[in-house]
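Single-letter residue listing:
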Amino acid sequence: QSVLTQPPSVSAAPGQRVTISCSGSSSNIGNNFVSWYQQFPGTAPKLLIYGNNKRPSGIPDRFSGSKSGTSATLGITGLQSGDEADYYCATWDGIVSSGVFGGGTKVTVL
Amino acid sequence: QVQLQESGPGVLKPSETLSLTCSVSGGSITTDYWTWIRQPPGKGLEWIGYIYNFGSTDYNPSLKSRVRISVDASNNEFSLRLTSVTAADTAVYYCARVKVGPAYSGTYNNYFDSWGQGTLVTVSS
């Protein structure tokens, strides 16, 4: 059981937009910054978004992040077949000084 | 560009101690923050702990009694030690660098910007 709650899966047609939610509490998302990771099967996760809404160099602006209260959202526009992967949100829990992850969301391009 | 590489035994028996090493190149082992994260087969990511300020550590409360992370500056590597393993500890173990972004006091802006490729550790009798 993950500390942060994500939908197990989302899907959309190529070119469409998907959003992935990440729900937490005041001790984690509510008071700390959120990051997002993309993971293809058999490979290590890759940083996609940090500081709630910042993209590392090389990450296309089709990927965006936002945070409101105790929830965060990852958006992917112009969906491509190459975006099929698992996506994880992460933050810190200030009460236990521990990193926490969401359970992951599988994105399927129809 | 930071590069990380995990190494260690791939198979353990229950009750044994898991020991993994992460070799770092391109980053400062003494000033950067370093973490271990694991992923059981077919499941999500679990944060294990991290080491920062060249010796301070924080651990996942669920693993705290069994885990220790340390740094070896002379070899530019950091290590994970997990005692009394069971089948539930079977996972791919990743090492990663933790970046700390700007944040107000008491707020965390930590994220994992560079990852090793991961190493599978199987616990089986």
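Each residue is numbered by its place in its chain's sequence as written, counting from 1. Throughout, the order in which chains and ligands are written sets their labels, letters from A for the former and numbers from 1 for the latter. With the structure being a predicted model, the display of local features is reserved for residues of pLDDT at least 70 and the display and counting of side-chain atom pairs for 80 or more, all residues being used for whole-chain, interface and lining totals. Neither water nor hydrogens contribute to the side-chain values; these are computed over all heavy atoms in the structure.

1. Some thoughts on the overall build of chain A
So, point 1. Counting from the N terminus, the helices are DSSP H or I runs at least four residues long and the strands are E runs at least two residues long. Regarding its fold elements, chain A presents zero helices and nine strands.
So, point 2. The order of helices and strands in chain A, counted from the N terminus, is β-β-β-β-β-β-β-β-β.
So, point 3. Taking 13 Å as the expected radius of gyration for a compact globule of 110 residues, we find that chain A reaches 13 Å, a close match to that expectation.
So, point 4. Each of the three principal axes of chain A carries a C-alpha extent, and together these read 40 × 30 × 25 Å.
So, point 5. Burial classes follow relative accessibility: with a 1.4 Å probe on protein chains only, a residue under 20% of its type's maximum area counts as buried, one over 50% as exposed, and anything between as partly exposed. Looking at chain A as a whole, 48% of its 110 residues are labelled buried.
So, point 6. Whether two residues touch is decided by their heavy atoms; if any such pair falls within 4.5 Å, the residues are in contact. Counted over contacts in chain A with a minimum sequence separation of 6, partners at least 24 positions apart contribute 56%.
So, point 7. In short, Shrake-Rupley with a 1.4 Å probe defines the accessible areas, and a residue's cover is counted only from the protein chains shown. Summed over its atoms, the accessible surface of chain A is roughly 4700 Å², and 48% of this surface lies on carbon and sulfur atoms.
So, point 8. In chain A, which carries 7 positive and 5 negative side-chain charges, the distance between the mean positions of the two groups comes to 7 Å. Radius of gyration here uses only the C-alpha atoms, and the compact-globule reference equals 2.2 Å multiplied by the residue count raised to the power 0.38. In this count, Lys and Arg are taken as positive residues and Asp and Glu as negative ones, while His and the chain termini are left out. To locate a charge, take atom NZ for lysine, CZ for arginine, CG for aspartate or CD for glutamate.

2. Here we look at the interface of chain B and chain A
How big an interface is tends to be reported as the loss of accessible area on association of its parts.
So, point 1. Counting residues at the interface gives 26 residues for chain B and 22 residues for chain A.
So, point 2. Of the roughly 1900 Å² buried between chain B and chain A, counting both surfaces, carbon and sulfur atoms make up 65%.
So, point 3. Any Lys or Arg side-chain nitrogen found within 4 Å of a carboxyl oxygen on Asp or Glu counts as a salt bridge. Across the chain B-chain A interface, the total number found is zero salt bridges.
So, point 4. Think of a polar contact as two N or O atoms within 3.5 Å of one another; within protein, one of them needs to be a possible hydrogen donor and the other a possible acceptor, and neighboring residues in sequence only count if both atoms come from side chains. Here chain B is connected to chain A by eight residue pairs in polar contact (both at pLDDT 80 or more).
So, point 5. Sorting the residues of the side of chain B that touches chain A by element identifies strand 4 (33-39), strand 5 (46-52), strand 6 (56-59) and strand 10 (110-115) of chain B as the ones contributing at least two each.
So, point 6. Among the elements that take part in the side of chain B that touches chain A, strand 10 of chain B stands out by supplying five residues, more than any other.
So, point 7. Residue polarity follows a fixed list, in which Ala, Val, Leu, Ile, Met, Phe, Trp, Tyr, Cys and Pro are nonpolar, Asp, Glu, Lys and Arg are charged, and the others, Gly among them, are polar. Class assignment for the residues of the side of chain B that touches chain A results in 13 nonpolar, nine polar and four charged. A quick way to say it: buried area is the sum, across both parts, of accessible area lost when two parts are put together, with a 1.4 Å probe.

3. Focus: the nonpolar core
So, point 1. Buried residues of nine kinds, namely Ala, Val, Leu, Ile, Met, Phe, Trp, Tyr and Cys, make up a nonpolar core once their side-chain atoms join them within 4.5 Å. Among the nonpolar cores identified, the biggest contains 25 residues, and B:L18, B:W36, B:F78, B:L80 and B:Y93 are the most heavily contacted of them.
So, point 2. For this core, the secondary-structure elements that each account for two or more residues are strand 3 (18-25), strand 4, strand 5, strand 7 (67-72), strand 8 (77-82), strand 9 (91-100) and strand 11 (119-123) of chain B.
So, point 3. Residues within four places of B:Y93 in sequence aside, it is in contact with B:E6, B:L18, B:L20, B:I37, B:R38, B:I48, B:L80, B:L82, B:G118, B:T119 and B:V121.
So, point 4. Among the nonpolar cores identified, the runner-up in size contains 23 residues, and A:V34, A:L48, A:L79 and A:A85 belong to it.

4. Quick notes on the sheet that holds strand 6 (residues 71-76) of chain A
All names here are of chain A.
So, point 1. A strand pair is defined by DSSP finding two or more bridges across the two strands. Pairing within the open sheet is antiparallel, and its three strands lie in the order 2-6-5. Looking at strand neighbours, the two that pair on one side only are strand 2 (18-23) and strand 5 (63-68), the edges of this open sheet. For this sheet, the mean inter-axis angle between neighbouring strands, taken without regard to orientation, is 20°. Only the contacting stretch of a helix is used when fitting its axis, a line to C-alpha atoms as for every element, and angles between N-to-C directions run 0 to 180 degrees.

5. Quick notes on the environment of B:Y94
So, point 1. As for its position among the elements, B:Y94 is in strand 9.
So, point 2. Overall, the relative accessible area of 4% leaves B:Y94 in the buried class.
So, point 3. Each C-alpha atom, one on B:Y94 and one on B:I37, is 5.1 Å from the other, the two residues being 57 residues apart in sequence.
So, point 4. A distance of 3.3 Å separates a polar atom in the side chain of B:Y94 from a polar atom in the side chain of A:Q39.
So, point 5. Here A:T43 takes part through its backbone oxygen, which lies 3.4 Å from a polar atom of the side chain of B:Y94.

6. Some details on the state of the cysteines
So, point 1. Disulfides are defined in this document as cysteine sulfur pairs within 2.5 Å. Summed over all chains, the structure comprises two disulfides over all chains.
So, point 2. With a sulfur-sulfur separation of 2.0 Å, A:C22 is cross-linked through a disulfide to A:C89. Since a negative S-S torsion denotes a left-handed disulfide, the A:C22-A:C89 link at about 75° is right-handed. In this pair, A:C22 sits in strand 2 while A:C89 sits in strand 7 (residues 85-93), placing the two residues 67 residues apart along the sequence. One exposure class covers both A:C22 and A:C89, and it is buried.
So, point 3. Note that B:C22 is cross-linked by a disulfide to B:C95, the S-S spacing being 2.1 Å.

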